[in-house]
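Secondary and tertiary structure notes
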Amino acid sequence: MKTYNISVIKGDGIGPEIVDEAIKVLDAVSYNCGFSLEYKEYLMGGIAIDMTGVPLPDETVQGVLNSDACLFGAIGGEKWDTLPRELRPETGLLKFREAMGVYANLRPAIIYDELVNASTLKPEVIEGVDIMVVRELIGGIYFGQPRANDGFKAYNTMVYTKPEIERIGKTAFELAMKRDKRLCSVDKANVLEVSQLWRDTMEEIAKDYPEVKLSHMYVDNAAMQLVRNPKQFDVIVTGNIFGDILSDTASMVVGSIGLLPSASTGDKTAIYEPIHGSAPDIAGQGIANPIATIESAGMMLRYSFGEIEAADLIDGAIKKALKDGFRTKDLAAYDAKEVVTTSEMGDIIANNLRK
Ligand code: NAD
C-alpha cells in the first residue's frame, strides 16, 4: 500500500482544532482509496516560542523538508505580539516559507451553491464564481532589503528579479492551461518600476502559451472588479502583498474566511493551509470552521500526491454537509438546519466519506 508522510504543524489559536478535523477526514478518505498516511508533528509559532524559545526550530525545518508535504494550521496571537520582531511567530512563518522555497501560493475561491446567500454580494453577482489566485509568496516587499524602522523613518523595499517573476508566471500559465485559459496579471505598473518588469516578463512568457488569453490590471482596479464582477476572473497572478490583500477580498466573495484553502508549492516541498489566521478571538470555543483546512488537505492529495479521486471525494463530502444544512457558527445565518461545532463538522464530513 502506498504511504505518504505528512508533516503536521498545528500552531496556535484555532490551529490545533481545525488541523485535527482535517486529519480525521484524511484518515477516512485514505482508508477508502487504498493508501495510507503517516503524520509527524512539529512545533512552530507561539507554541514553539513557549517550548523552545524560538518561533521556528531547526527540527521543524528539517522535518518538513524530509516529509512528502506539510499540513499547516495557523500561528500567532496577542501573547507574542510584544516580542522583538525577529522572535515573533509571523517572522517564523515568513522564514519557514522561504526555507521551504514555496514561491507559489495557490488560493482558489469557489462558491458553494448552498452558500450563495452567505456572501455580502448579491447571488446573481457571485453564482458560479471559480477563481484561482496565484500569489508570489517568498519575494516582494515582505522580504525585500533594505528594511528598517528607527522610530523616525521606516522603509521596506519591493523587489523582484526576472527569474522570480518567470517562475511564478509559468506556474500561473500552466494552471490557466488546465482551466479556462484566461490569466489576469495584477500589478501597479503605472507607478512602480518593479511592476513594469513584472508586466514585461508576463508578456514574454505569454509567447510560450498562445492559447492563454493574458490581460493586465492595476491592483486598485482589481480590488474593485473582484467585488463588482468576480465572474470575469479565471486565474489571477500577482505579487506577494497584492496577492495577500486580493485573496482576502476574494474570501468575502465566497462568504467566510473559514472556507478558503491554499497550497504553497515550490521546488522542495509544499505546504497546505487555510488562508485565515489563528483567530484567537474564537480559539478553544469549538466554533471555528474547519472547512478551509479540510479543503487544504484535499489540495494536498490532488497536487502533491496525485490522489485525484480522493480529493474529489473530499470536495463532495463537504458539499453534502453544506447541502444537508450543517453550518458552523460563522455561517449559522445562512440556510442552517443545524449549527454544529468544529469537531461535529469534521465528523459529518468524514462520515459522508464512509457512506
Ligand atoms: P484571522 O484570520 O485569524 O481572523 C480574522 C477574523 O476571521 C476573526 O474574527 C476570526 O474569528 C475569523 N475567522 C478566522 N478563521 C476562522 C474560521 N476558521 N472559522 C470562523 N471564523 C474564522 O486574522 P487576525 O485576527 O488578523 O489574526 C489573528 C492572528 O493570526 C494574528 O496573530 C496574525 O498574525 C495571525 N495570522 C496567521 C496567519 C497564518 O498562520 N498563516 C495568517 C494570518 C494571520
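Rules used throughout
Counting of residues starts from 1 at the beginning of each chain's written sequence and follows it residue by residue. Residues qualify for local features only when their pLDDT is at least 70, as the model is predicted, and side-chain atom pairs are given and counted only at 80 or more; totals for whole chains, interfaces and linings, by contrast, use all residues. Each side-chain value is derived from all of the structure's non-hydrogen atoms; neither hydrogens nor water enter the calculation. UniProt positions are given in the numbering used here, feature names are shortened, and annotations may be inferred rather than shown by experiment. Secondary structure elements follow DSSP: runs of H or I no shorter than four residues count as helices, runs of E no shorter than two count as strands, and numbering proceeds from the N terminus. Working definition: with a 1.4 Å probe on protein chains only, accessible area under 20% of the residue-type maximum means buried, over 50% means exposed, and in between means partly exposed. Any two residues having at least one pair of non-hydrogen atoms within 4.5 Å are treated as being in contact. Nitrogen and oxygen atoms within 3.5 Å of one another constitute a polar contact, given that in protein one can donate a hydrogen and the other can accept it, and given that sequence-neighbouring residues count only through two side-chain atoms. Proximity is defined per residue: if any heavy atom of the residue lies within 4 Å of a molecule or strand, that residue is considered near it. Per-residue and other accessible areas were derived by the Shrake-Rupley procedure at a 1.4 Å probe size, with only the shown protein chains allowed to occlude residues. Ten residues, namely Ala, Val, Leu, Ile, Met, Phe, Trp, Tyr, Cys and Pro, are considered nonpolar, four, namely Asp, Glu, Lys and Arg, are considered charged, and the remaining ones, Gly among them, are considered polar.

Focus: the UniProt feature "binding site: substrate" (unreviewed entry) in the protein
When the UniProt feature table is mapped to this numbering, "binding site: substrate" (unreviewed entry) covers Arg97, Arg107, Arg135 and Asp220. An extended arrangement is adopted by the annotated residues: their sequence extent is 124 residues, and the largest C-alpha distance between any two is 26.7 Å. You can see Arg107 is positioned in strand β4 (residues 104-110). What makes Arg107 buried here is its relative accessible area of 5%. When residues no more than four places from it in sequence are discounted, the contact partners of Arg107 are Ile131, Met132, Val133, Arg135, Gly243, Asp244, Ser247, Asp248, Pro261, Ser262 and Ile275. Side-chain polar atoms of Arg107 contact the side chain of Asn105, separated by 2.7 Å. Within the fold, Asp220 resides in helix α8 (residues 219-228).

What to know about the site of the ligand
The ligand sits among 21 residues. The nearest are Ile75, Glu90, Gly277, Ala279 and Asn289. In the environment of the ligand, an oxygen atom lies 2.4 Å from a nitrogen or oxygen atom belonging to the side chain of Glu90. At 3.2 Å, a side-chain N or O of His276 approaches a nitrogen atom of the ligand. For the ligand, whose unbound accessible area comes to 810 Å², protein coverage reaches 69%. Broken down by secondary-structure element, the contributors of at least two residues to the shell around the ligand are β3 (69-74) and α4 (89-100). Each residue belonging to the shell around the ligand can be placed in one class, and the counts come to ten nonpolar, seven polar and four charged.

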